[in-house]
Each structure stands twice: as C-alpha cells, then as structure tokens.
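Inside the fold
What follows is each chain in one-letter form.
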Amino acid sequence: KAGVTQTPRYLIKTRGQQVTLSCSPISGHRSVSWYQQTPGQGLQFLFEYFSETQRNKGNFPGRFSGRQFSNSRSEMNVSTLELGDSALYLCASSFTVRGPANTGELFFGEGSRLTVL
Amino acid sequence: TQLLEQSPQFLSIQEGENLTVYCNSSSVFSSLQWYRQEPGEGPVLLVTVVTGGEVKKLKRLTFQFGDARKDSSLHITAAQPGDTGLYLCAYTGFQKLVFGTGTRLLVSP
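Summarised in this report is the structure supplied together with it.

About the criteria used
Residues numbered from 1 in each chain as written. Chains lettered and ligands numbered in written order. Predicted model: local features only at pLDDT ≥ 70, side-chain atom pairs only at ≥ 80, totals over all residues. Heavy atoms only, no water. Helix = DSSP H or I, 4+ residues; strand = E, 2+ residues; numbered from the N terminus. Pairing = 2+ DSSP bridges. Axes fitted to C-alpha atoms, helices over the stretch in contact; angles between N-to-C directions. Contact = heavy atoms within 4.5 Å. Buried area = accessible area lost by both parts, 1.4 Å probe. Salt bridge = Lys/Arg side-chain N within 4 Å of Asp/Glu carboxyl O. Polar contact = N/O pair within 3.5 Å; in protein donor to acceptor, adjacent residues only side chain to side chain. Nonpolar A, V, L, I, M, F, W, Y, C, P; charged D, E, K, R; others polar.

**Focus: unusual backbone geometry**
Note: most residues except glycine have negative phi, and most peptide bonds are trans. With an omega dihedral of -10°, the bond running from T7 of chain A to P8 of chain A counts as a cis peptide bond. Here P8 of chain A lies in the loop between β1 (5–7) and β2 (10–13). Following S7 of chain B, the chain continues to P8 of chain B via a peptide bond in cis, the omega torsion being -10°. Structurally, the position occupied by P8 of chain B is in the loop between β1 (5–7) and β2 (10–14). Positive phi is not limited to glycine here, since E52 of chain A has a value of about 70°.

**Comments concerning the environment of G28 of chain A**
Here G28 of chain A is to be found in the loop between β3 (19–24) and β4 (31–38). Separated by 68 residues in the primary sequence, G28 of chain A and T96 of chain A have C-alpha atoms spaced 9.8 Å apart.

**With respect to the sheet that holds strand β8 (residues 74–78) of chain A**
All names here are of chain A. An order of β1-β3-β8-β7 is seen for the four strands of this open sheet, with the pairing classed as antiparallel. Where the open sheet ends on each side, the last strands, each with one partner, are β1 and β7 (64–68). Strand after strand, the sheet turns through a mean of 15° between neighbouring axes, direction not considered. By the bridge criterion, three bridges tie β1 to β3 in an arrangement that is antiparallel. From the neighbouring strand, T5 faces β3, where its bridge partner is S24.

**Quick word on the interface of chain B and chain A**
Every contact between the two is made by 20 residues of chain B and, on the other side, 21 residues of chain A. Carbon and sulfur atoms supply 51% of the area that chain B and chain A bury against each other, a total of about 1,700 Å² over both sides. For the pair chain B and chain A, the number of links is zero salt bridges. Connecting chain B to chain A are five residue pairs in polar contact (both at pLDDT 80 or more). Where the side of chain B that touches chain A is concerned, the elements lending two or more residues are β4 (32–37), β5 (44–49), β9 (85–93) and β10 (96–99) of chain B. Taken together, the residues of the side of chain B that touches chain A break down into nine nonpolar, nine polar and two charged.

Okay, here's the thing in structure tokens:
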C-alpha cells in the first residue's frame with residue numbers, strides 16, 4: 001500500500017513569509033503527527049491530529065498550526081517564518097492515537113525540507 | 001517529558017566491524033522503540049521492546065531492553081555500508097512519541 005506522502009519535498013522561503021506543508025497518510029490511518037527535525041534539537045513533536053481534532057501539541061509557538069481534513073489528510077502552517085524554522089518537517093501516520101498501551105508503529109513520510117533565508 | 005540520551009552521538013567505522021549504541025534514561029518505560037533514518041528518508045521502525053531484560057534479534061542487529069526498563073542497547077555485528085544512518089530510540093509519552101538524541105552511524109566500505 002502507498003506510504004505517507006508529503007509535499008512539497010523542498011522549499012525555500014524568506015523571513016516573515018508563511019508556509020503550508022501537506023501530508024497524506026497511509027490509507028485507513030486516522031492519526032497524523034508532525035515532527036520538526038533539526039541537527040541541534042533532533043526530532044521534536046509538533047502536534048497530533050485524530051479524526052480532525054488536535055489531540056496533543058508540543059512546545060512550539062502559536063506560529064505553528066495545523067489541521068486535519070475529513071479524509072485524514074493534514075496540513076501544517078508556519079506563519080512569520082524565522083531563520084530558526086529551517087528544518088526537516090516530518091509527518092507520520094498511524095491507525096490510532098498514541099497512548100501508553102499503544103506500541104504500534106509510526107509510519108513516516110520522507111519529509112519537507114524548509115530553508116528560511 | 002523524560003530525556004532519552006543516546007551514545008555515542010557519532011560513529012564512523014569500517015565494514016565488518018561490530019558496534020553498540022546505547023539509549024539511557026533515569027525514567028522507567030513500559031516500552032522502547034528503535035528507528036533507523038537513512039539519508040533523505042523518514043525514520044523506519046526496527047523493533048519494539050516491552051519486557052525488562054528482553055533481547056530481540058533482527059538479522060545482524062541485536063536489541064536489548066535493560067532489566068530495570070530504563071535503558072536499551074543496539075548491537076550490530078559485521079556492519080555493512082547499508083547500515084549507515086541515524087539510529088533513534090523512542091518511548092511513548094503522553095499521547096506522543098518522544099525520540100532520543102540519536103546516533104549517527106557511518107559505515108565505510
């Protein structure tokens with residue numbers, strides 16, 4: 001079955017602009033999580049959506065937002081871009097939400113690499 | 001959020017060598033996962049360990065969960081260039097997967 005698809009793969013923006021990234025989860029998966037990956041901070045959790053509702057949010061400013069559509073596709077938006085937002089943004093899908101009893105696999109996309117100049 | 005410290009941060013070895021990567025914390029976990037991320041790709045799950053003292057083997061990779069469920073190790077026997085990548089341990093925190101600091105492995109022919 002098709003994997004997690006993220007678009008665009010690469011993009012360059014300038015400070016102050018905004019960006020929207022898209023994620024199509026594996027068919028049948030209803031949970032979508034977003035992570036930011038940088039060399040200095042590693043993989044940091046942004047937020048998780050399940051059935052169009054945000055279930056959890058990481059420690060990021062309000063400039064970072066997201067949403068999920070009825071078909072489980074998700075978008076994340078970063079407004080007023082800063083140089084420090086340059087990163088690989090990874091989307092991951094799973095059948096259900098994370099929880100202590102859920103040791104299931106997260107399926108990641110290849111990521112969207114954002115460069116802010 | 002508990003911290004997962006991985007060591008070493010970087011490892012550069014020759015093909016055929018053995019290596020061990022460590023994932024340590026002061027907290028107890030119900031389970032730990034190991035992921036590998038190859039250049040240009042997203043992380044891919046290698047294994048989940050759930051029982052203290054558990055050992056799981058995946059071809060040349062051996063994973064161990066510490067008896068106290070606070071740490072884990074990954075041992076690779078006879079490393080190959082295809083093992084090159086970023087190795088990440090992770091635990092399920094409150095409604096999210098929390099990743100360790102990562103070990104970047106380079107295996108040269």
